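An overview of the molecular structure
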Amino acid sequence: MSHHKGIHHITAVAGDPQQNLDFYTDLLGMRLVKKTINFDDPSVYHLYYGDETGKPGSILTFFPWSHLQSGEPGEGQVVAIAFAVPENALNYWSDFLENKQVDFMEPFERFGKQVIGFQDPDGLHLELVADPKVNEIEGRPDGSHPQEYAIRGFHGATLAEKDCQLTGQLLETHLGFTHVNQLGDRYLFETDAEIGSVIEIIDQSELNGKPGTGTVHHIAFRAENEEEQMSTRRALLEEGYHLTEQKDRQYFKSVYFHEAGGILFEVATDGPGFATDESLSDLGTSLQLPPWLEKRRNLIEADLPELQY
């Protein structure tokens, strides 16, 4: 296992962008580390939330397409996103969610860790996992929660598959994970990264999902650099996967492919990071556009709803 392997980011679909921003920054205490647009559809925001610097393993991003229908999680999708909090944090979060009138599932144990389940305003399934691996990681100093209880980044994600065998092989052979445990039809894969180190697969899933708001668009896995990314790409091509060419996403380089169960996977480089067009102190404070869209800034800004934060 490798300390730099694991989840890079997860991208989901939201409805109203202001509602999404308020939930993840005010209620969950994450930092808006980048406000940009969908490079393939500049009419919609691409909002990035993470820890103080937006390091790999902490980044949850959204395309807020407010005109889309509500989706349903199911087979061939990422069906839950889990955040890591320190071991002593779940009582705090239970009280907080109750006070904010957010429906949640009382703490339960899975794979030896305590978990709380709830949903965001669009129905995206979220979890808080008390993870000893993050006890020594500092929380956000200026977030909306006491630093000692704040979200540290991802714990992991849950995939729903009709047959998990090929996806499990992919995780172990090419993405740095190791199969470490099983509970019934749920398989646990891990790396030794501090955050974003867990993938759980629900095998023989019979959930009939559909895309839309409240569902995950894709999940990205870490490559330390472009050399490692291209090596992974070549290996996957040799195994018969169909991958895109490398795409420049400004803050990382990406290649995409569908795994055997239909989930859109991405391999993303750790760098260059989010401070390429803003200082660390100013992350997320203004709309950032890639150079090839800068000449259209006035038109793009006019089409986007104003966000208050």
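As the structure is a prediction and not an experimental result, all values here were calculated from the model. Here, residues in each chain are numbered from 1, in the same order as that chain's written sequence. In keeping with the model being predicted, local features are shown solely for residues with a pLDDT of at least 70 and side-chain atom pairs are shown and tallied solely at 80 or more, while totals for entire chains, interfaces and linings include all residues. Based on all heavy atoms of the structure, the side-chain values leave hydrogens and waters out of the count.

Only strands joined by at least two bridges in the DSSP assignment are considered to pair. What counts as a helix is a DSSP run of H or I of at least four residues, what counts as a strand is a run of E of at least two, and both are numbered from the N terminus. Strands sit in the order β6-β7-β8-β5-β9-β12-β11-β10 across an open sheet of eight strands; the sheet is mixed. For this open sheet the edge positions go to β6 (104-110) and β10 (178-183), each flanked by a neighbour on one side alone. The mean inter-strand angle of the sheet, taken between neighbouring strand axes irrespective of direction, is 25°. A contact between two residues is defined here by any heavy atoms of the two lying within 4.5 Å. Fitting a line to C-alpha atoms yields each axis, with helices limited to the stretch in contact; the angle taken between N-to-C directions then spans 0 to 180 degrees. Lying on the sheet, helix α3 (residues 165-174) is in contact with β9 (153-160), β10, β11 (186-190) and β12 (198-202); it crosses β12 at an angle near 165°.

With that settled, consider the sheet that holds strand β4 (residues 59-64). Taking strand neighbours across the sheet as the criterion, the eight strands line up as β2-β3-β4-β1-β13-β16-β15-β14 in an open arrangement whose pairing is mixed. Two strands close off the open sheet at either side, each with one partner strand: β2 (31-38) and β14 (247-248). Pairing between strand β3 (residues 41-50) and β4: three bridges, direction antiparallel. Considered in β4, the bridge of Tyr-48 is made with Thr-61. Sheet contacts for helix α4 (residues 226-238): β13 (216-223), β15 (252-258) and β16 (264-272); angle to β15, the most-contacted strand, approximately 15°.

Now for helix α1 (residues 17-27). Helical geometry: 3.6 residues make up each α-helical turn, so side chains three or four residues apart lie on a common side. Burial within α1 is extensive, with eight of its 11 residues counted as buried. Positive backbone phi, approximately 80°, marks Gly-29, located one or two places after α1. Between buried and exposed lies partly exposed: a residue is buried under 20% and exposed over 50% of the maximum accessible area for its type, with that area taken using a 1.4 Å probe on protein chains only.

Moving on to the packing of aromatic side chains. Working definition: a ring pair exists when centres of Phe, Tyr or Trp rings (six-membered ring for Trp) sit within 6.5 Å. Plane angles under 30 degrees give stacked, over 60 give edge-to-face, the rest tilted. Counted under the stated rule, the structure contains 18 aromatic pairs. Measuring from centroid to centroid gives 5.8 Å for Tyr-92 and Trp-93, while their planes differ by 85°, and the two rings are edge-to-face. Of the aromatic side chains, those joined through ring pairs into one cluster are Phe-177, Phe-221, Tyr-241, Phe-257 and Phe-265.

By definition, a salt bridge exists where a carboxyl oxygen of Asp or Glu is found within 4 Å of a side-chain nitrogen of Lys or Arg. Scanning the entire structure with this criterion turns up 15 salt bridges. Between Lys-55 and Asp-51 there is a salt bridge, and its shortest N-O distance comes to 2.5 Å. A relative accessible area of 9% means that Asp-51 is categorised as buried. When the shortest N-O distance is used, the salt bridge between Glu-52 and Arg-140 registers 2.8 Å. Of the two residues, Glu-52 sits in the loop between β3 and β4 while Arg-140 sits in the loop between β8 (125-130) and β9, which places them 88 residues apart along the sequence. Looking at Glu-52, the relative accessible area reads 25%, which means it is partly exposed. Overlapping salt bridges bring together Arg-110, Glu-127, Arg-186 and Glu-200 as one network.

The omega angle of the peptide bond from Gly-271 to Pro-272 is 10°, so this bond is cis rather than trans. Within the secondary structure layout, Pro-272 lies in strand β16. Positive phi, close to 50°, is recorded for Phe-111, a residue that is not glycine. On the secondary structure map, Phe-111 appears in the loop between β6 and β7 (113-119). The class of Phe-111 is buried, set by a relative accessible area of 13%. The residue Gln-204 is not glycine, and still its phi comes out positive at about 55°.

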